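Spelled out from the first residue to the last, the chains are:
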Amino acid sequence: MANVTDLQTKYSKLAQEYSKLRAQNQVLKKAVVDEQANCVSLKDQLKQRDQSLRKQEQEMDSLSFRNQQLAKRVELLQEELAVCEAKGKKGKNKGDSPSQHALETKNVFDEDLQKKIEENERLHIQFYEADELHKRQEAQLRARLQELEREAEQHQDAVNGLNTKYTDTIERLHSDKARLELKTQTLEREAQECRMRAEDCQQQLRRCQTELSRQVKQSSSVIQEKVPFNDTKFVHYNSLNVPPHNRRHQLKARDVVGQALSFIQDLVAALLNFHSYTEQRVHIYPRDSSIEPISALNQKFSQYLHENAAYVRPLEESFLQLHQSITEDTVTVLETVVKLKSFADHFSSYVQFLKKILPYQLKSLEEECEAPLCTAALTAKNQELHGDMKRVTSMFEKLQNYINVLALPSVCQDVVPQSSTSAVFTQLAGCLHSLHDAIKEMSKHYNQKAGLEQELPTVTQKLLTTSECLLGSLGSLTSSTGKIATFFSNNLDFFTSPAYSPKGSTMALSPLQAETMLANKKKASAYISAIKKPRPQSVPYSEALSNRRILTSSTESREGLTQQVQQSLEKIARLEQEKEHWLLEAQLGKVRLEKENQRIVDLEAQLAAALGGSLAAQSAAAGTLTQSHEEMEAESTAAGKELTLCTSLVGMLCTTPSVEHVGDEESREQLIKTHYMARVGELTTQLQISDSKAVHFHSECRALAKRLAIAEKSRESLSEDVKRANQNITRLQDELTTTKRSYEDQLSMMSDHLCSMNETLSKQREEIDTLKLGSKVGKSFRFRSLSMVSDQPPHVLREMPKRTKDVKAAFEAVVPPDFLHPTFVCKDPYFCPQEPPLLSGTRSTSDH
């Protein structure tokens with residue numbers, strides 16, 4: 001059902017996501033449609049602007065044409081004006097009226113021309129402004145159109161992506177829905193089967209409850225009638241009310257004490273190590289006993305610490321004896337565990353030992369603080385350790401008190417209530433946790449102190465080793481106390497629960513009751529193992545005889561009632577068979593009655609036909625009637641000899657009636673018995689087949705469930721293997737990348753090294769070439785060259801002998817042959833000085 005709920009939850013979440021995405025899709029579609037409408041409107045506006053631009057261009061063309069016409073007209077007017085001026089000059093001698101008229105005409109033309117020029121300028125300015133405005137608007141509209149087209153493409157891509165995504169999501173949701181529907185149907189069938197099984201189980205539970213209530217009533221009545229003696233009703237019989245032996249409690253107690261023994265052994269080992277290493281430290285710090293004597297206080301302290309085994313070892317031995325005293329055949333309560341007192345005494349002696357060495361521990365810490373190289377931080381840590389040691393000793397003292405209280409019932413015979421021991425156990429668990437905290441705090445402070453001591457300049461290796469061992473013993477002591485505290489808290493219910501307690505009493509078990517319990521256990525074991533030993537009679541003889549008579553009579557009456565029930569069942573079965581037999585007889589009689597009625601009807605019809613004819617016809621009819629009567633009798637006889645088919649609610653029965661009536665009944669009974677036996681055999685076979693099929697299906701289901709579990713485990717293991725393989729692949733890829741990077745770095749370094757080597761070789765070649773060229777000069781020049789060579793680096797000098805042959809060949813190839821001739825005279829004062837320099841203080845040129 002949880003799976004169905006999870007699937008429904010997931011399906012509802014998917015449906016909500018689908019509805020959200022569908023709403024977003026609608027919004028995006030609407031936005032795309034709006035943008036498309038805006039794009040269409042902008043295209044219309046662009047068309048309108050194009051039309052207005054064409055109109056303005058046409059107007060501009062018309063204006064330019066008009067301007068040209070006006071310019072031509074102005075030219076014509078200017079020409080006319082020039083002609084008129086020429087004519088006016090010629091006719092100066094004429095009267096004033098023509099010149100006055102020409103001047104007025106000229107003024108008119110000038111004004112007209114000035115207006116036309118101004119108008120032309122204004123039109124030019126308007127045309128330029130309109131053209132610029134049109135260009136700006138066209139650029140803005142084109143940019144806006146490109147932006148809108150880009151946004152439309154983005155929206156279309158988003159819509160296409162969302163459509164694809166939604167289509168995939170819808171298909172996946174449909175497939176999930178189909179799968180969930182199938183799973184829901186399967187789960188509904190399983191739930192129906194579970195409900196049917198639950199109803200069957202409830203019916204069985206009701207039957208069981210009814211049967212149990214009946215048995216309880218019967219047992220209660222038997223107890224009330226047959227067992228009048230009851231210990232708990234009378235106060236003077238309470239001493240005999242002994243609880244039964246609890247073997248499970250004993251096994252649990254032995255197991256718990258065994259675990260506690262292992263923890264006590266760890267604690268004892270840790271305490272021994274702690275005291276021993278503390279003794280070693282006293283001999284090393286603040287004074288080394290091998291160099292100078294230690295103080296009297298530390299000598300006494302060391303002497304006491306040397307005796308720690310005498311106080312710590314008995315703890316393990318006494319607890320081991322306690323563990324050995326608890327067996328399966330004993331009674332383990334605080335009143336019967338005598339060995340706990342021995343452990344408490346040894347623990348008290350160890351606590352006295354701790355109280356005895358506590359002042360010496362504190363004085364030793366004070367002596368360490370008085371050392372000349374003790375720092376303030378180290379003094380503070382010693383003060384903290386001072387308080388920790390006091391706290392640990394007080395915790396051990398509290399533990400001693402609680403353990404003594406728990407060991408008290410085994411010494412004093414007074415009965416102690418269970419509530420007080422439960423409180424002691426609870427307080428003991430809290431005290432163990434406090435002891436663990438105190439030791440852990442002391443270990444932390446000691447660790448800090450050891451870290452500060454390592455920084456001292458006079459610290460020795462012996463002191464460091466002893467401090468490390470002491471810290472290790474404190475760590476094991478902290479671990480063992482923590483384990484003991486956790487163990488005690490986990491088993492606190494077992495310690496506080498009353499394992500043995502008399503019925504109707506809150507008092508604890510007394511040793512006398514424990515002895516009685518063990519005696520009863522031995523008697524029960526002897527009785528079960530059939531050990532024949534004389535046992536006292538628990539019931540008087542007369543009462544036993546009366547009980548035997550009652551039991552015999554009740555047994556006989558029970559047997560008689562059982563026989564009566566069996567006889568009644570047999571009688572009921574026989575009556576059922578007779579009932580079926582008489583039902584079959586009734587059906588046979590009914591069939592015969594119908595046949596007789598049919599025959600009577602036929603005879604009456606023949607008689608009526610015979611009465612209506614002639615005598616011949618009557619005689620013929622009589623013959624015919626007689627013949628027909630004989631035929632009917634023969635048919636009835638034949639029909640009597642044939643098989644009679646009968647049907648009932650149970651099955652089909654075929655009978656063959658005979659002449660004797662008695663034989664007919666016997667044959668019918670035999671047939672009925674055979675029929676029912678065959679039917680019972682068939683039903684038994686079907687029931688066995690159904691049971692075998694059910695068992696087979698059950699085993700197959702169990703096998704399939706096991707295979708499914710194995711497959712799940714293998715799938716999990718394979719998935720883990722795949723994860724590990726992927727991690728290995730990732731790790732190998734990282735290693736490959738690192739190796740490749742390192743190889744690339746090495747190659748780059750090698751390339752740089754090769755470049756540097758090539759540069760070095762080129763420098764060497766240049767030096768060699770320089771030497772070759774310098775070999776042309778005379779003896780002094782050779783000396784100068786040798787001095788230059790001697791200034792070269794060592795590796796060049798080492799390479800020089802190897803290239804002697806090459807230098808010689810190059811020298812011979814470059815230097816002219818007459819240079820080596822004895823009559824050759826060098827005329828260059830630089831290369832051939834009169835007094836060449838010496839290579840050394842004692843050797844001259846002639847020496848070489």
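Residues numbered from 1 in each chain as written. Predicted model: local features only at pLDDT ≥ 70, side-chain atom pairs only at ≥ 80, totals over all residues. Heavy atoms only, no water.

1. As for the overall build of the protein chain
Rules: Starting at the N terminus, helices and strands are each numbered in turn, a helix being any DSSP run of H or I of at least four residues and a strand any DSSP run of E of at least two. When accessible area is computed with a 1.4 Å probe and restricted to protein chains, residues below 20% of their type maximum are described as buried, those above 50% as exposed, and intermediate ones as partly exposed. Computed with the Shrake-Rupley method and a 1.4 Å probe, the accessible areas treat only the protein chains shown as cover for residues.
Helix and strand counts for the protein chain stand at 17 helices and 2 strands. Each of the 848 residues in the protein chain was classed as buried or not, and the buried ones make up 23%. Carbon and sulfur atoms form 57% of the exposed surface of the protein chain, whose accessible area is close to 59500 Å².

2. Comments concerning the state of the cysteines
Applied cut-off: Throughout, disulfides are identified as pairs of cysteine sulfur atoms within 2.5 Å of each other.
Taken as a whole, this structure holds 0 disulfides when the rule is applied. We note that cysteine 194 lacks a disulfide partner, and the nearest cysteine sulfur, in cysteine 201, lies 10.0 Å from it. Accessibility expressed as a relative area gives 38% for cysteine 194, which makes it partly exposed.

3. Things to note about the nonpolar core
Among soluble globular proteins, nonpolar side chains are generally buried collectively. How we decide: What makes a nonpolar core is a set of buried Ala, Val, Leu, Ile, Met, Phe, Trp, Tyr and Cys residues whose side-chain atoms join them at distances within 4.5 Å. Note on contacts: a residue pair is in contact if any heavy atoms of the two residues lie within 4.5 Å.
Phe319, Leu340, Phe343, Phe347, Tyr350, Phe396 and Phe488 are the most contacted members of the largest nonpolar core, which totals 68 residues. Residue assignment for this core shows that the elements contributing at least two residues are α3 (247-284), α4 (296-306), α5 (309-325), α6 (339-369), α7 (376-407), α8 (418-454), α9 (461-490) and α10 (492-496). A per-element tally of this core places α3 first, with 14 residues. With residues near it in sequence (within four places) discarded, tyrosine 350 still touches Leu271, His275, Tyr311, Val312, Leu315 and Phe396.

4. Brief notes about α4
What counts here: What the arc describes is the spread of directions from the helix axis to the C-beta atoms.
Every buried residue of α4 is accounted for by Asn298, Phe301, Ser302, Tyr304 and Leu305. Down the axis, α4 shows its buried residues gathered within 160° of arc, on one side only. Exposed residues lying more than 90 degrees from the buried face of α4 are Ala296 and His306. Looking at the buried residues of α4, the elements they touch are α3 and α6.

5. Concerning the side chain of glutamate 368
Mapped onto the elements, glutamate 368 comes out in helix α6. By relative accessible area, glutamate 368 is classed as buried at 5%. Among residues more than four places away in sequence, those in contact with glutamate 368 are Arg281, Tyr285, Pro286, Cys374, Asn382, Lys449 and Glu453.

6. Digging into the side chain of aspartate 388
Filter applied, for reference: The sign given to each residue is positive for Lys and Arg and negative for Asp and Glu; His and the chain ends receive no count. By salt bridge we mean one thing: a side-chain nitrogen of Lys or Arg within 4 Å of a carboxyl oxygen of Asp or Glu.
By the element assignment, aspartate 388 lies in helix α7. Comment: no salt bridge for buried aspartate 388; closest opposite-charge side chain is arginine 391, at 5.5 Å. Residues in contact with aspartate 388, not counting those within four places in the same chain, are Glu441, Met442 and His445.

7. Digging into the confidence of the model for the protein chain
In plain terms, the rule: The predictor attaches a confidence to each residue, and that confidence, scored 0 to 100, is pLDDT.
For the protein chain, the average pLDDT comes to 76, and 75% of its residues sit at 70 or higher. Within the protein chain, the element-level pLDDT minimum falls on strand β1 (residues 644-647), averaging 42, and the maximum on α5, averaging 91. Ignoring residues within four places in sequence, the model shows residues 228-240, a span with pLDDT below 50, making 7 contacts including any to other chains. Taken together, the stretch residues 632-662 has pLDDT below 50 and engages in 44 contacts with residues farther than four places along the chain or on a different chain.

8. A word on the pattern of salt bridges
Under the definition given, this model contains 16 salt bridges. Note that glutamate 397 and lysine 355 form a salt bridge whose closest N and O atoms lie 3.6 Å from each other. With glutamate 397 in helix α7 and lysine 355 in helix α6, this pair connects stretches of sequence that are 42 residues apart. A salt bridge links arginine 599 to glutamate 596; its shortest N-O distance comes to 2.7 Å. Of this pair, arginine 599 and glutamate 596 both sit in helix α12 (residues 541-611), 3 residues apart, roughly one helical turn. For arginine 599, a relative accessible area of 25% corresponds to the partly exposed category. In this structure, a network of salt bridges that share partners links the residues Arg281, Glu368, Lys449 and Glu453.

9. Focus on the packing of aromatic side chains
This is how the line gets drawn: Between 30 and 60 degrees the pair is tilted, below 30 it is stacked and above 60 it is edge-to-face, where a pair is any two Phe, Tyr or Trp rings, Trp via its six-membered ring, whose centres lie within 6.5 Å.
All told, the structure shown has 13 aromatic pairs when counted by the stated rule. When the centroid spacing of 5.8 Å and the interplanar angle of 75° are considered together, the rings of tyrosine 350 and phenylalanine 396 count as edge-to-face. Of this pair, tyrosine 350 sits in helix α6 while phenylalanine 396 sits in helix α7; the two residues are 46 residues apart in sequence, bridging distant segments of the chain. A ring pair is formed by phenylalanine 425 and phenylalanine 488, whose centres lie 6.1 Å apart and whose planes are at 35°; its orientation type is tilted. Within this pair, whereas phenylalanine 425 is found in helix α8, its partner phenylalanine 488 is found in helix α9, the two being separated by 63 residues in sequence.

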